[in-house]
Amino acid sequence: MIRLVLLLLGADFIRRNWHALAVAGLAWGTIGVSLMIDALDGVLNFPLTLFGYLLLLESLVTLWVANSGMGAQKTLRYVKGTLFLLIAILVITQHQASNMALAMLFGIAFTIGGSLQITSALVVRFPRWRTAMLGGLVQIVLAIFFFQPYPTHYKGTVPYCLALGLIFGGWNMIWLALRSRMLPQQASADVLVERNSGDDRPFDAGLHDGAADLQSRLRPASSESTDAPEATEATRTTVAAPLTVHVWTPTGSAKGPARRQPVIDRYIAAVDLNGVISTGHAALEIQPDLYISLYPAEEIDRSPDQFARLLRATAENDVKGRYLTDYASEAAAWCESTEKILFRDYRRASLDRFWQHYRRTEIYNLTHRNCSSTVANALEAALEGVMGGRDRHWFNAVRMMFTPEIWVASQIRKRAVTMAWTPGMVLDYARALRAVVHPRPLSWAASLQLALRQSRRLRQGWRARRRYAERENPGSGQS
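The shown structure was predicted, so the numbers you read here are calculated from the model rather than taken from an experiment.

1. Some thoughts on the packing of helix α15 (residues 348–358) against helix α16 (residues 371–383)
Logical step 1: Taken N-terminus to C-terminus, the directions of α15 and α16 make an angle of 145 degrees; their axes are 7 Å apart at the nearest point. α16 is crossed by α15, and the crossing has right-handed handedness. Here α15 contributes S350, L351, F354 and Y358 to the contact with α16, which in turn contributes T374, N377, A378, A381 and A382.
Logical step 2: For the contact of α15 with α16, the residue count by class is six nonpolar, three polar and no charged.

Given below as structure tokens:
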């Protein structure tokens, strides 16, 4: 989640405030170490009951406003609210069995998360899959610590888990701050991420500012810069055409009636009655001159017996790719997109730089470099620095941290990066980012108000149906 917040704030914002980011990361790490010591020494000073009531309030609000979301937003809010409610009840009860149940709950969660990460790393073999597999093994080890429990005791489960989150979050903040301050002023966040994508140099993104490949990614001095407020404002407000993310869902683009397979036919693939697999498609458009849509130059055999082999993001599965030129011709040759998500506020210059560099490589890979990953990367390039350009204060970052959609987007992105981007994931990711970039006023309050209106309409509908039933059967309610 922190990485996504910093992406929306932009590299220039982080570079100017790297010291504040580093201090915040150090503070988080220090608090995390203190909590871990408190959890290990046998005498718990952490205000566990107060934390339980705060978590209970958070869970109830999340469940109350969950219905106002769409797609994965609604599902993830319900899952988050239910889990938080269960944890809050266990924390508040303050019973030995509750502490053990919490430890088992966290242990199971870490086991499932680690197992999924290891499995996806071994099957897909995405870049840095070995590092991801090591992270999965670490989660399994932590799960064992929760189960037994060692080196802590069951009543220290909650502060121990919080401590781990604060320590790792603080380390990521310090790492990002130190790397960002060394980047050239014209570099962007996607350069930082790309230059740290290799296993051989994970810490030194800013040390190669004289390298030819980095110089080719720098924006001209006359281009946008958040150091000049008036230039940034002009860059944002002169955008005329909206940015549109087109998504063809697997079921919506299937050639025939698709078999009903919940979750699978939305996020992975749909299978029609003839056994043909449809994975859907994603594209990005800014009329009239920009269209990003990647296809394999020749249709890939997606029969069930070949599909498992194609899941690996390795070089042997790379095929020649081709970029389509416009949405109209693609829709005419196939069908209209199932969903369209519009963004009014974006950085056209950042997107143009990304696209100029990205389109030089005409390679398609079903899991690593497909239509969905291309659109996701392009969307992130377009939205980089949008929030930091509006408000230079750190309150903007703090507000985003408490926006429910940023958590939803980060969870979708985490799974997509460690597995594969699919059109369904791009759809939910774009919806969540749009809610962050174009928020309703007072996001939580507006969501709560919407939930109240929906609840009121439901009650009115129930009363109307009951009155109608009483009129139709006047004697049914009497004995």
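2. Description of a nonpolar patch on the surface
Logical step 1: A contiguous nonpolar surface patch, about 350 Å² in accessible area, is contributed by I108, I112, L116 and F147.
Logical step 2: Per element, the largest residue contribution to the nonpolar patch is three residues, and it comes from helix α6 (residues 96–124).
Logical step 3: For I108, a relative accessible area of 45% translates into the label partly exposed.

3. Thoughts on the sheet that holds strand β4 (residues 281–286)
Logical step 1: Taking strand neighbours across the sheet as the criterion, the four strands line up as β5-β4-β1-β8 in an open arrangement whose pairing is antiparallel. Pairing within the sheet leaves two strands with one partner each, and these edge strands are β5 (290–292) and β8 (339–343). Here the average twist between neighbouring strands, direction ignored, is 15 degrees.
Logical step 2: Where β4 and β5 come together, three bridges link them in antiparallel fashion. Residue pairing across strands places L284 opposite I292, the latter belonging to β5.
Logical step 3: In the packing of α15 onto the sheet, the strands contacted are β1 (243–248), β4 and β5, and the crossing angle to β5 comes to about 50 degrees.
Logical step 4: Helix α20 (residues 423–437) rests against β1, β4 and β8 of the sheet, and its axis sits at about 35 degrees to β8.

4. Digging into the pairing of β1
Logical step 1: With six of its six residues buried, β1 lies for the most part within the structure.
Logical step 2: Neither face of β1 is exposed, since L243, V245 and V247 on one face and T244, H246 and W248 on the opposite face are all buried.
Logical step 3: Two strands pair when backbone bridges link them, and β1 and β8 are joined in this way by five bridges, in the antiparallel orientation. Across the sheet, T244 pairs through a bridge with L342, a residue of β8.
Logical step 4: Here five bridges tie β1 to β4, and the two strands are oriented antiparallel to one another. Its bridge partner being in β4, V247 is matched across the sheet by A282.

Cut-off values and rules
Residues numbered from 1 in each chain as written. Predicted model: local features only at pLDDT ≥ 70, side-chain atom pairs only at ≥ 80, totals over all residues. Heavy atoms only, no water. Axes fitted to C-alpha atoms, helices over the stretch in contact; angles between N-to-C directions. Helix = DSSP H or I, 4+ residues; strand = E, 2+ residues; numbered from the N terminus. Left-handed = near helix turned anticlockwise from the far one by under 90°. Contact = heavy atoms within 4.5 Å. Nonpolar A, V, L, I, M, F, W, Y, C, P; charged D, E, K, R; others polar. Patch = residues over 30% accessible without salt bridge, like charges linked within 9 Å, V, L, I, M, F, W, Y side chains within 5 Å. Areas by Shrake-Rupley, 256 points an atom, 1.4 Å probe, with all protein chains shown as cover. Salt bridge = Lys/Arg side-chain N within 4 Å of Asp/Glu carboxyl O. Buried < 20%, exposed > 50% of the residue type's maximum accessible area, 1.4 Å probe, protein only. Pairing = 2+ DSSP bridges.

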